[in-house]
Amino acid sequence: MKKWLLLSLLVSMNPAFSSPSVEMLHWWTAGGEEKALSLIEKQFESLPYVLKSEPISGGGGAPAKAILQARAIAGYSPDIALMEGPAIQSWAALGFLNNVNEVAASHGWGQSLYPDIKAIHQYEGNYVAIPLNIHRLNWMWINKKVLNQHQLSSPQTWESLLSALTTLKGKGVNPLALGEDSWQVVQVFENIAFGVGGANYYREAFVDLDPDALNSDKTFEALNRFRSLANIVGSDLPNMSWDQGTKAMLEGEFAFQFTGDWALGEMLSAEGEIPDHIECRAFPSTEKGFIYNVDSLAFFTNVTGEDHNMTPVMTSLSSPQFLLDFSKKKGSIPAQANIPVSELSRCQRQSYQDYIHASSEGTAMPSLTDSMAVNPVLQNAVSNELYRYFMNSSISAETLIGHLHAINNEVFR
Ligand code: GAL
């Protein structure tokens with residue numbers, strides 16, 4: 001058979017060749033994240049498109065977000081991008097995003113989305129992205145085997161946590177799985193700040209950047225605690241991604257990890273269930289609360305031509321069954337209310353109860369570090385300052401607070 005004939009036959013038989021591809025840019029490169037992503041890919045099977053995954057590694061997505069911006073400026077944005085928080089509205093304001101009002105109508109988002117989440121996904125009255133899930137950030141992941149070996153119990157207060165970390169370090173045990181990424185480090189600060197001051201303080205200081213709240217004793221106390229932790233783990237942090245940290249904690253190389261429940265997705269992916277020796281406990285706090293972020297998918301207008309009707313796939317990506325299945329892999333809870341969570345793991349069921357409670361009490365707070373609280377420029381500026389403070393013990397709390405005021409007063413608003 002002639003070569004060209006064979007080739008055209010192959011092309012017509014293989015959907016990967018014959019179907020146009022739809023590109024999705026994201027930062028899901030860890031085991032649990034990839035499993036969750038494969039569920040999104042599956043939704044495309046019923047369509048004449050193939051999902052082309054474009055992963056840019058880097059926990060929290062900073063490199064992926066930078067590449068997304070560069071591509072959009074250069075005029076070749078992807079069709080779909082993973083997004084979080086206020087950035088969704090910025091992209092919509094620039095005219096890059098398709099509205100997803102049809103999806104919202106078919107899944108009754110008016111009733112089924114939690115109020116905070118609904119607000120993030122709207123711009124000028126239109127829905128402009130699809131919320132998939134809610135991750136909790138103020139978790140401690142604890143390897144109980146390691147604690148038991150050293151006659152320690154799970155800490156419930158900041159003081160007992162600090163004492164457990166100090167004891168472990170004194171015995172030559174690695175206390176905390178924390179890599180050198182700024183994203184990993186600064187997340188811990190928001191847990192500490194919430195723990196010191198509760199929801200109202202957290203909102204005033206790290207969502208509104210209110211000068212009085214930033215100048216308060218609570219900020220000094222939070223910074224002192226952050227410094228105590230730095231003194232224990234040292235500034236020479238390992239070059240370890242968050243998922244390497246989770247695996248190492250799981251295997252007993254570290255006693256604790258403080259990060260969001262994407263760590264749970266990693267454990268579920270590696271072990272099929274949460275191992276008995278792993279405990280999930282809310283980070284110590286004077287007030288119960290929930291620091292969250294939401295993974296959302298935004299659909300870009302410029303590449304997706306008229307004949308790319310993606311409404312069916314968008315609709316399936318927002319169905320309650322899909323959201324539940326997705327969270328089973330991702331370690332999160334579904335982004336829509338009224339989805340039964342009895343099939344989720346014990347930590348996710350706790351997360352769900354705590355979220356419902358926090359959201360009714362007004363103590364569910366958006367994560368600053370994970371792009372939910374303020375615009376990306378402010379987020380990066382504040383995160384950089386906090387990271388420098390952690391890594392460099394010669395920076396005083398006064399100096400740091402002065403820098404936060406400057407950020408707040410200047411060009412970043
Ligand atoms: C977060 C994102 C999660 C997660 C994590 C680690 O920003 O919301 O889905 O995977 O980054 O990369």
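We now turn to the structure provided with this report. (Residues numbered from 1 in each chain as written. Predicted model: local features only at pLDDT ≥ 70, side-chain atom pairs only at ≥ 80, totals over all residues. Heavy atoms only, no water.)

### Quick notes on the packing of aromatic side chains
Here is step 1 of the chain: Scanning the entire structure with this criterion turns up 21 aromatic pairs.
Here is step 2 of the chain: With centroids separated by 4.8 Å and ring planes inclined at 50°, the aromatic side chains of F226 and F390 adopt a geometry described as tilted. In this pair, F226 sits in helix α13 (residues 217-233) while F390 sits in helix α19 (residues 376-391), placing the two residues 164 residues apart along the sequence.
Here is step 3 of the chain: Judged by relative accessible area, which is 0%, F226 ranks as buried.
Here is step 4 of the chain: In this structure an aromatic cluster arises from ring pairing among F189, F194, Y201, Y202, F206, F226, Y389 and F390. (Phe/Tyr/Trp six-rings, centres within 6.5 Å; stacked < 30°, edge-to-face > 60°. Helix = DSSP H or I, 4+ residues; strand = E, 2+ residues; numbered from the N terminus. Buried < 20%, exposed > 50% of the residue type's maximum accessible area, 1.4 Å probe, protein only.)

### What about the site of the ligand?
Here is step 1 of the chain: Lining the immediate environment of the ligand, one finds 14 residues, of which E33, E84, D295, K330 and D370 sit closest.
Here is step 2 of the chain: A distance of 3.5 Å separates an oxygen atom of the ligand from a polar side-chain atom of W242.
Here is step 3 of the chain: A distance of 2.5 Å separates an oxygen atom of the ligand from a polar side-chain atom of D295.
Here is step 4 of the chain: Burial of the ligand by the protein amounts to 100% of the accessible area it has alone, namely 300 Å².
Here is step 5 of the chain: Comparing atom positions with the cavity grids shows the ligand to sit within the largest cavity.
Here is step 6 of the chain: Considered class by class, the residues forming the shell around the ligand number 5 nonpolar, 4 polar and 5 charged.
Here is step 7 of the chain: The residue makeup of the shell around the ligand includes at least three contributed by each of domain 1 (2-132 + 295-332) and domain 2 (139-291 + 365-411). (Near = heavy atom within 4 Å. Polar contact = N/O pair within 3.5 Å; in protein donor to acceptor, adjacent residues only side chain to side chain. Areas by Shrake-Rupley, 256 points an atom, 1.4 Å probe, with all protein chains shown as cover. 1 Å grid on protein atoms, 1.4 Å probe; cavity = no way out; pocket = protein on both sides within 12 Å on 5 of 7 lines; lining within 4 Å. Sits in = over half its atoms within 2 Å of the grid points. Nonpolar A, V, L, I, M, F, W, Y, C, P; charged D, E, K, R; others polar. Domains from an automatic or database assignment.)

### Remarks on empty space enclosed by the protein
Here is step 1 of the chain: Within the structure shown, the criterion is met by 3 cavities of 30 Å³ or more.
Here is step 2 of the chain: Taken as a whole, the largest cavity spans an internal volume of roughly 90 Å³.
Here is step 3 of the chain: Lining the largest cavity are 14 residues, with W27, E33, G60, W262 and D370 sitting closest to its centre.
Here is step 4 of the chain: Shared between two domains, the lining of the largest cavity takes at least three residues from each, and those domains are domain 1 (2-132 + 295-332) and domain 2 (139-291 + 365-411).
Here is step 5 of the chain: Considered as a void within the structure, the second largest cavity measures approximately 50 Å³ in volume.
Here is step 6 of the chain: What lines the second largest cavity is simply L176, A177, L178, Q184, V188, W242, Q257, F258 and T259.
Here is step 7 of the chain: Within the lining of the second largest cavity, the residues separate by chemical class into 6 nonpolar, 3 polar and no charged. (Points joined across faces, edges and corners; volume = space filled by probe spheres on them.)

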